[in-house]
Amino acid sequence: MTSTLPRTLVAAAALTAAFGAFAQSNVTLFGVLDASVAHISTDNGSVTGLANGGQSSSRLGFRGVEDLGGGLAAGFWLEAGIGVDTGNSGGFSFDRRSTVSLSSNAIGELRLGRDKSPAYLNIETFDPFGDVGVGGIGGSNLIGSATSAAGTPEGSAPKRVSNSINYLLPATLGGFYGQVQYAFGEQLSNIENDTLRDAVALRVGYGSGPLNVAFGHGEVRGGTTAVGVDYKSTNIGASYNFGMVKPMVVFATERGNGRRVDLLGIGATAPVGAGEIRAAFSMFKRKDIDDADSKKLSLGYGYNLSKRTQLYGTVSRVSNDDRANRGLAVSSSALASPAIALGSSVTGYELGLRHSF
Amino acid sequence: MTSTLPRTLVAAAALTAAFGAFAQSNVTLFGVLDASVAHISTDNGSVTGLANGGQSSSRLGFRGVEDLGGGLAAGFWLEAGIGVDTGNSGGFSFDRRSTVSLSSNAIGELRLGRDKSPAYLNIETFDPFGDVGVGGIGGSNLIGSATSAAGTPEGSAPKRVSNSINYLLPATLGGFYGQVQYAFGEQLSNIENDTLRDAVALRVGYGSGPLNVAFGHGEVRGGTTAVGVDYKSTNIGASYNFGMVKPMVVFATERGNGRRVDLLGIGATAPVGAGEIRAAFSMFKRKDIDDADSKKLSLGYGYNLSKRTQLYGTVSRVSNDDRANRGLAVSSSALASPAIALGSSVTGYELGLRHSF
Amino acid sequence: MTSTLPRTLVAAAALTAAFGAFAQSNVTLFGVLDASVAHISTDNGSVTGLANGGQSSSRLGFRGVEDLGGGLAAGFWLEAGIGVDTGNSGGFSFDRRSTVSLSSNAIGELRLGRDKSPAYLNIETFDPFGDVGVGGIGGSNLIGSATSAAGTPEGSAPKRVSNSINYLLPATLGGFYGQVQYAFGEQLSNIENDTLRDAVALRVGYGSGPLNVAFGHGEVRGGTTAVGVDYKSTNIGASYNFGMVKPMVVFATERGNGRRVDLLGIGATAPVGAGEIRAAFSMFKRKDIDDADSKKLSLGYGYNLSKRTQLYGTVSRVSNDDRANRGLAVSSSALASPAIALGSSVTGYELGLRHSF
């Protein structure tokens, strides 16, 4: 520990001669490494392995802010997902976020690049498990046809969106916050089919003291499937921190690809000793067909060795109706996924270590 | 800002036991993030999207220098291109530069690895738009058959070259500068065909006070096409900074693949207020066939919010002869390219934000 | 040089609101860039090119340790291989190591993620050339069927293993050290074939004063070949530093894929002036067929310009029996490999520059 030094890295600006003289700048290097032993079992067998990001997604990033004076600032953010189990065998990229921004204390922030969709943010914000690991609500692709083609507005439920222009409200509105996002489809103007157009999303909320409540909506026009699909997502969530316990609720509905799925999630976190209990119950309702609903119950505990390091354990179970086969998500590069038979239940647990820097 | 600290990062040398004791070293972290809204239109339609590096190529790098005493120094440079629009969806690599060097104040620098070709450097140095974005002169592949196979001397107009040994003149020659580059083809000695051999390039120049003038020449023996091609490039450029305006000119000629193209670029930059006006006019002449020339006119303005942050706008138009279909270059991972019909003109603009660190 | 500052980077912990307040942390940025001109010749011709990591594998890494108090610590390590010759044209990943750890001075370390196999470590530890470059003992895949599929226990001679749980002895055992590794196959429990199961490995050693001796053993159950193979590796090595010279010996035996190969390596390093002489003689014996042995003789010198920077030269020659065609390993993204005819000999040399930071 080097307590006499500031928290941020000090770097030389890489300015070519065209940019003028060298200037000093700050770069913050940050990250999370989270690994767990995960086990998933269903009627068709079980699988055990080393999973990645069971409590928080593993990542490595670089970011910085430049004070331009007069309440203005410029900034950048490059954040890459890390597969700690295999060392990113599929390749390293700034898939989580890559943005450059101009912001004003009074007016807000203009942000360009790849960022999370504001139509998705409530899903993870109001889930006690942050929508990761076996306990995560699994709300990023309710209608089950998401494609994750980077560089385009994804067909269904994009968790993150490339080619986007974002406007974020300033932090000076007495608790109100919000983000509007427009993402280019980047297709030719004279293409007549619907295979891909653009995406819009917004989120507005209010957070003050113990209360946090937010609404989100997004639309993707066209899609990456052969026949274009339009996708619409709407959700609302709230939490209230009573101190002893922080209950939270989220409702989301998603349409597209000929389907509609509703999700209701109810959960809570509660500080216990040096750690935190997490509990969540979720109901998934297929609106377009009968007898295809699912329920999920998750329970977990995280023990803080420090503010930066946590040991955690999570157990989760999904029950499926006769025509449903919803599974459990585990992030792992090589872990085999057991096939879930219609009507089967699935059980999973994780025991892990999360370290942030 | 932490003004009491030096500009460079302080890092621990990663020395294994075999290397001896730990030693202290400096690593500089640097980069540029540049994103713009770009629009390109031609007879066959138009496309709009978020482009990357409209004024300066987005990048992230690590570099350092070790003083060995007696005027000697060792150094390294790792620089990766960044796609801020999509977060490097195609994968992150040190494609811009990866070198290790030994240098002497008196004798010069020996540099090993992947570096820019000295036969290319004048193209970007004497273009007011630095050969990037819609306004860029587009001079890196005049004969239109470049292949960008990393790890080999590329077939045509290599902007960067892997497997190279470079010698650079020292900075103590009263304004004279220069670089000689040899890049291995890395093929077996007893292979008789011409599919790939090696590459040589050099650049010599003189820069002192307001004047800068430089000559470049490069040859690639063989190539990555099925039938080997030899490629030759020669160029010369000059600029003179009058203070109020800095005019510049570059002439380049390129032969290979059965073609020859000449390029004449005339341009200028001029400081205006807190920013800079950029203007360029370029003429492309196909010497091997008639009626296939092109002209390009580009105009831009960059407004400096600080030495590190700039807002910019550029507009550019290409006019093609009846047998030419030259287009406009925009760096974007997903942006569709409209097909340019023979004899059509193309118009493009970019409005962007560039931030360096 | 900034001698008043500590050796480690100071970074801001990237803690989201869920993790609590920001906390200060240290991140160490480290690396090696090593490039050489390499030449390999055999009966079928020769090849010359720019090679990577002739004396030490080129790399870039980030690591940190958090003191949790009471002798406990948490830590992480992300280390990527670098191809300095081409700038990682195949993509950047933390293929060398990606781990998160919890350790205790008294009990030892629990390490999760991708790490070197303890069954391999003696091979490089007791080779004067560290098993890299033309002089390297070439002991990482004796039976010649290694697959390097990241994310799974590789079929033969895994140098590094993903999905692993490691326990390392503490450094307080009077010179005794050791590591046990278990790597998940991550396959379904009800899969009956042998295509892939799991891997176990261990290493125990004693190092005190001039003496270092260690034993290693590893097994991979199943494999990534179509018909599963079991693989077993056992080795033992020792070195003794007399000051003037440090002799070392390693014996390794490897079975799998219907083969067995034994390796005996004898070598030494000796400080001479500001550098070090390295010499090694290795014998490879095919136990399953006759007349298929090989011998390798390597000689090298490294001249230290500083503790961080070395110029080196290595020459090596392999002699093959009538039914053997063992070659020389050079790390280079594009360098062509001459085909080695049965019974041919192979000669190689490297002249290089290694710089660490």
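Residues numbered from 1 in each chain as written. Chains lettered and ligands numbered in written order. Predicted model: local features only at pLDDT ≥ 70, side-chain atom pairs only at ≥ 80, totals over all residues. Heavy atoms only, no water.

1. Here we look at the overall build of chain A
Scanning chain A from terminus to terminus reveals 1 helix and 18 strands. The proportion of buried residues among the 357 residues of chain A is 57%. Within chain A, contacts between residues separated by at least 24 positions form 53% of all contacts whose residues are at least 6 apart in sequence. When the accessible surface of chain A is split by element, carbon and sulfur atoms take 57% of a total near 13400 Å². (Helix = DSSP H or I, 4+ residues; strand = E, 2+ residues; numbered from the N terminus. Buried < 20%, exposed > 50% of the residue type's maximum accessible area, 1.4 Å probe, protein only. Contact = heavy atoms within 4.5 Å. Areas by Shrake-Rupley, 256 points an atom, 1.4 Å probe, with all protein chains shown as cover.)

2. Brief notes about the packing of aromatic side chains
Two aromatic rings, taken as a pair, are described by how far apart their centres are and by the angle between their planes. Tallying each qualifying case throughout the model produces 30 aromatic pairs over all chains. When the ring of Phe76 of chain A is compared with that of Phe357 of chain B, the centres are 3.8 Å apart and the planes differ by 10°; the resulting orientation is stacked. A residue pair is termed interchain when its members come from two chains, as with Phe76 of chain A in strand S5 (residues 72-81) and Phe357 of chain B in the segment after strand S18 (346-356). Taken as a pair, Phe76 of chain A and Phe357 of chain B share a single burial class, namely buried. Ring geometry for Phe176 of chain A against Tyr206 of chain A: centres 4.9 Å apart, planes inclined by 55°, an arrangement best described as tilted. Of this pair, Phe176 of chain A sits in strand S9 (residues 176-183) while Tyr206 of chain A sits in strand S10 (residues 196-208); the two residues are 30 residues apart in sequence, bridging distant segments of the chain. For Tyr206 of chain A, a relative accessible area of 27% gives the class partly exposed. (Phe/Tyr/Trp six-rings, centres within 6.5 Å; stacked < 30°, edge-to-face > 60°.)

3. As for the environment of Arg114 of chain C
Residue and element names in this part refer to chain C. Considering the arrangement of structural elements, one finds Arg114 in strand S7 (residues 108-116). Overall, the relative accessible area of 7% leaves Arg114 in the buried class. Put simply, Arg114 and Ser337 are 223 residues apart on the chain and 29 Å apart in space, counted from C-alpha to C-alpha. A distance of 2.7 Å separates the side chain of Arg114 from the side chain of Ser162, its partner in a polar contact. (Polar contact = N/O pair within 3.5 Å; in protein donor to acceptor, adjacent residues only side chain to side chain.)

4. A look at the side chain of Asp262 of chain A
All names here are of chain A. Here Asp262 lies in strand S14 (residues 259-272). Owing to a relative accessible area of 9%, Asp262 belongs among the buried residues under this scheme. Only 2.6 Å separates the side chain of Asp262 from the side chain of Thr253, close enough to count as a polar contact. Of note is the side chain of Asp262, whose polar atom sits 3.1 Å from the side chain of Arg260. Sequence-distant contacts of Asp262, defined by excluding residues within four places in its chain, comprise Phe251, Ala252, Thr253, Met283, Phe284, Lys285 and Lys287.

5. As for the nonpolar core
Core analysis: the largest hydrophobic core is formed by 66 residues, its most contacted members being Phe62 of chain A, Phe62 of chain B together with Phe62 of chain C. In this view, Phe62 of chain A contacts Val27, Thr28, Leu29, Phe30, Phe76, Trp77, Leu78 and Phe94 of chain A, Leu29, Leu60 and Phe62 of chain B together with Phe62 of chain C; residues no more than four positions away in its chain are not counted. (Core = buried A, V, L, I, M, F, W, Y, C linked by side-chain atoms within 4.5 Å.)

6. Topic: the side chain of Ser46 of chain B
Mapped onto the secondary structure, Ser46 of chain B falls in strand S3 (residues 45-52). Beyond its immediate stretch of four places on either side in the chain, Ser46 of chain B contacts Gln187, Leu188 and Ser189 of chain A together with His39, Ile40 and Ser41 of chain B.

7. A look at the pairing of strand S18 (residues 346-356) of chain A
Residue and element names in this part refer to chain A. Across the 11 residues of S18, 8 count as buried, placing the element largely inside the fold. In this structure, strand S17 (residues 309-320) lies alongside S18, joined through 10 bridges in antiparallel fashion. For Thr314, the partnering residue across the bridge sits in S18 and is Glu350. (Pairing = 2+ DSSP bridges.)

8. A few points about the environment of Gly54 of chain C
Looking at the element boundaries, Gly54 of chain C is found in the loop between strand S3 (45-52) and strand S4 (59-69). Those residues in contact with Gly54 of chain C that lie beyond four places of it in its chain are Asp34, Ser36, Val132, Gly133, Tyr312 and Glu350 of chain C.

9. Section: the pattern of salt bridges
All names here are of chain A. Counting across every chain of the model gives 32 salt bridges over all chains. Its salt-bridge partner being Glu79, residue Arg59 comes within 3.8 Å of it at the nearest N-O pair. Of this pair, Arg59 sits in strand S4 (residues 59-69) while Glu79 sits in strand S5, placing them 20 residues apart in sequence. Each member of the pair, Arg59 as well as Glu79, carries the same accessibility label: buried. Note that Arg111 is salt-bridged to Asp115, the shortest N-O span being 2.7 Å. The pair formed by Arg111 and Asp115 is uniform in burial state, with each residue classed as buried. When salt bridges that share partners are traced, they join Arg97, Glu109, Arg111 and Asp115 into one network. (Salt bridge = Lys/Arg side-chain N within 4 Å of Asp/Glu carboxyl O.)

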